[in-house]
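# Structural description and commentary
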Protein chains: 2
Amino acid sequence: MLKAYLAGPDVFLPHAAAQAEAKIALCAKYGLTGIAPFNPDLDLSLPPARLWRRIFADDVRMMRDCDIIIANLTPFRGASADAGTLVELGWFLGMARPAYGYSNSAEGFATRTRAHRALVPDPMAGLEIEDFGLADNLMIEGALAGGIVLPPDGFSRAFESLEVFERCLASVGSRA
Amino acid sequence: MLKAYLAGPDVFLPHAAAQAEAKIALCAKYGLTGIAPFNPDLDLSLPPARLWRRIFADDVRMMRDCDIIIANLTPFRGASADAGTLVELGWFLGMARPAYGYSNSAEGFATRTRAHRALVPDPMAGLEIEDFGLADNLMIEGALAGGIVLPPDGFSRAFESLEVFERCLASVGSRA
């Protein structure tokens, strides 16, 4: 079975462990082994400078062990997807391993960027807004085997919803 | 001479071409060949769906041609660095090519995230704030050979300032 690295801001959810389990169970339904970067055995008593390096090393080890990435690209604390998720997506692109991704947001990137700019002004005037009619930055769309999988009806889903994730799994199954 | 891919939201500047030239000139001063993902020959009359794929293909080709990445990780339209830059950073990590980066922001990631959340509410309650005393998400810090190079005096620089970029170049020179 293909091993899928389940990247995403899901790790920041208050119910991160349950979310990881739910995603892994859905992966199994579609013939995939899901590997979630959530480690319940992490020694949280470590000093911060050792703890984050441990998490980084664990995540890279898990990525190495996976054949594909399935990235949750739902916008997170900004106009674009979660920062750590994007580094991981780039890692799979660099390793020439297939990348898949989805977003629970139905809004286009340019629309979202303008809305963000209205709340948090740009650091200077005249900064361009990328507008190719995509769901996020073109480096993200280009990295993905089939583009970002989106809500099918044009309505955004709740941040923690797994409905679009499951659609993404179905599209992986049809390509793998 | 080492070839350095100059990733960053600099491409969105109103003076993007001049900024790319200035960065390339500074690279030469530190014994590096700078390659900026800014293509003045791009055929802007192409339909959007072809244009963005052309830019993506150009950027990947330039990355393949480079030995290292020097990423501008100044926060951009969110709590973290620019989305496209992060995919490119991950690409170099996946290719096991050295990655360097800098930020013109002197604020810590957790402080910045809280400030962002005050302006743009999180999509749901209870989402964790990553707080390891780092300048950005741990996947970014972990990807970099020497951590994020920051303003030396604890004061943020203007978004388009090249002062911290030059400090980063000096640190690359001492490691290369």
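Now for a quick tour of the structure. As the structure is a prediction and not an experimental result, all values here were calculated from the model.

### Describing the pairing of strand β1 (residues 2–7) of chain B
All names here are of chain B.
- Pairing between β1 and strand β2 (residues 32–35): 4 bridges, direction parallel. Looking at β2, one finds that Y5 is bridged to I35.
- In terms of handedness, the path from β1 via helix α1 (residues 16–29) over to β2 forms a crossover that is right-handed.
- Across 4 bridges, the pairing between β1 and strand β3 (residues 68–72) is parallel. When the bridges of β3 are listed, A4 appears paired with I68.

### Quick notes on the packing of aromatic side chains
- In this structure the tally under the stated criterion is 10 aromatic pairs over all chains.
- Taking 5.1 Å as the distance between ring centres and 70 degrees as the angle between the ring planes, the aromatic pair formed by W91 of chain A and F92 of chain A counts as edge-to-face. Here the two residues W91 of chain A and F92 of chain A agree in accessibility, since each one is buried.
- For the ring pair F12 of chain B and F76 of chain B, a centre distance of 5.5 Å and an interplane angle of 0 degrees mean the geometry is stacked. With F12 of chain B in the loop between β1 and α1 and F76 of chain B in the loop between β3 and α3 (83–94), this pair connects stretches of sequence that are 64 residues apart. For the pair formed by F12 of chain B and F76 of chain B, the shared burial category is buried.
- Connected via pairs of aromatic rings, a cluster forms that spans Y5, W91 and F92 of chain A.
- The residue whose ring lies beneath K23 of chain A is F165 of chain A, and the NZ or CZ to ring-centre distance is 4.6 Å.

### As for the relation of the copies chain B and chain A
- Overlay of chain B on chain A (RMSD 0.0 Å): rotation 180 degrees, translation along the axis 0.0 Å. Here the symmetry operator amounts to a two-fold rotation axis.
- In this assembly, 100% of the residues forming the interface of chain B have copies in chain A that are likewise at the interface, indicating an isologous arrangement.

### Section: the pairing of strand β3 (residues 68–72) of chain A
Residue and element names in this part refer to chain A.
- Across the 5 residues that make up β3, a large majority, 5, are buried.
- The alternating pattern of β3 places I68, I70 and N72 and I69 and A71 on opposite faces, both of which are buried.
- Judged from the 4 bridges that link them, β3 and strand β4 (residues 99–102) form a sheet pairing that is parallel. Across the sheet, I69 pairs through a bridge with A99, a residue of β4.

### Some remarks on the sheet that holds β2 of chain B
Residue and element names in this part refer to chain B.
- Taken together, the 5 strands give an open sheet; going across it, the order is β2-β1-β3-β4-β5, and neighbouring strands pair in parallel fashion. Each end of this open sheet is capped by a strand with a single partner; those strands are β2 and β5 (148–149).
- Against the sheet, α3 touches β1, β3 and β4 (99–102), its axis set at about 155 degrees to β3.

### Topic: the interface of chain B and chain A
- Between chain B and chain A, the contact holds 54 residues from the first and 54 residues from the second.
- Counting each side, the surface lost to burial between chain B and chain A is near 4600 Å², with a carbon and sulfur contribution of 75%.
- If you sort the residues of chain B by the area they bury against chain A, W52, R77 and M139 of chain B come out on top, with a joint share of 18%.
- Summed over the shared surface of chain B and chain A, the result is 2 salt bridges.

### Some words on α3 of chain B
All names here are of chain B.
- Between the first and last C-alpha of α3 there are 17 Å, a value that for 12 residues agrees with the 16 Å anticipated at 1.5 Å per step.
- With 12 of 12 residues buried, α3 is to be regarded as a mostly interior element.
- Looking only at α3, the buried set comprises A83, G84, T85, L86, V87, E88, L89, G90, W91, F92, L93 and G94.
- One or two steps after α3, the chain reaches A96, where phi turns positive at roughly 55 degrees.

### Regarding the sheet that holds β3 of chain A
Residue and element names in this part refer to chain A.
- On the basis of which strands lie adjacent, the open sheet formed by 5 strands has the order β2-β1-β3-β4-β5 and parallel pairing. Edge strands, defined here as strands with exactly one partner in the open sheet, are β2 (32–35) and β5 (148–149).
- Against the sheet, helix α3 (residues 83–94) touches β1 (2–7), β3 and β4, its axis set at about 155 degrees to β3.

### A closer look at the environment of L169 of chain A
Residues and elements named next belong to chain A.
- Topologically, L169 is positioned in helix α6 (residues 163–175).
- With 128 residues separating them along the chain, L169 and D41 place their C-alpha atoms 27 Å apart.
- Not counting the four nearest positions on each side in its chain, L169 is found in contact with L26, C27, Y30, L32 and I70.

### Brief notes about unusual backbone geometry
Residues and elements named next belong to chain B.
- For R77, which is not glycine, the phi dihedral falls at a positive 50 degrees.
- Tracing the sequence through the fold places R77 in the loop between β3 and α3.
- Not every positive phi belongs to a glycine, and A96 is a case in point at roughly 55 degrees.
- Inspection of the secondary structure puts A96 in the loop between α3 and β4.
- Note on A96: relative accessible area 68%, which makes it exposed.

Conventions used here
Residues numbered from 1 in each chain as written. Chains lettered and ligands numbered in written order. Predicted model: local features only at pLDDT ≥ 70, side-chain atom pairs only at ≥ 80, totals over all residues. Heavy atoms only, no water. Pairing = 2+ DSSP bridges. Helix = DSSP H or I, 4+ residues; strand = E, 2+ residues; numbered from the N terminus. Right-handed = clockwise from strand over helix to strand, strands pointing away. Phe/Tyr/Trp six-rings, centres within 6.5 Å; stacked < 30°, edge-to-face > 60°. Buried < 20%, exposed > 50% of the residue type's maximum accessible area, 1.4 Å probe, protein only. Lys NZ or Arg CZ within 6 Å of the ring centre and 35° of its normal. Least-squares fit on C-alpha atoms with pLDDT ≥ 70 in both. Contact = heavy atoms within 4.5 Å. Axes fitted to C-alpha atoms, helices over the stretch in contact; angles between N-to-C directions. Buried area = accessible area lost by both parts, 1.4 Å probe. Salt bridge = Lys/Arg side-chain N within 4 Å of Asp/Glu carboxyl O. Expected span 1.5 Å × (residues − 1).

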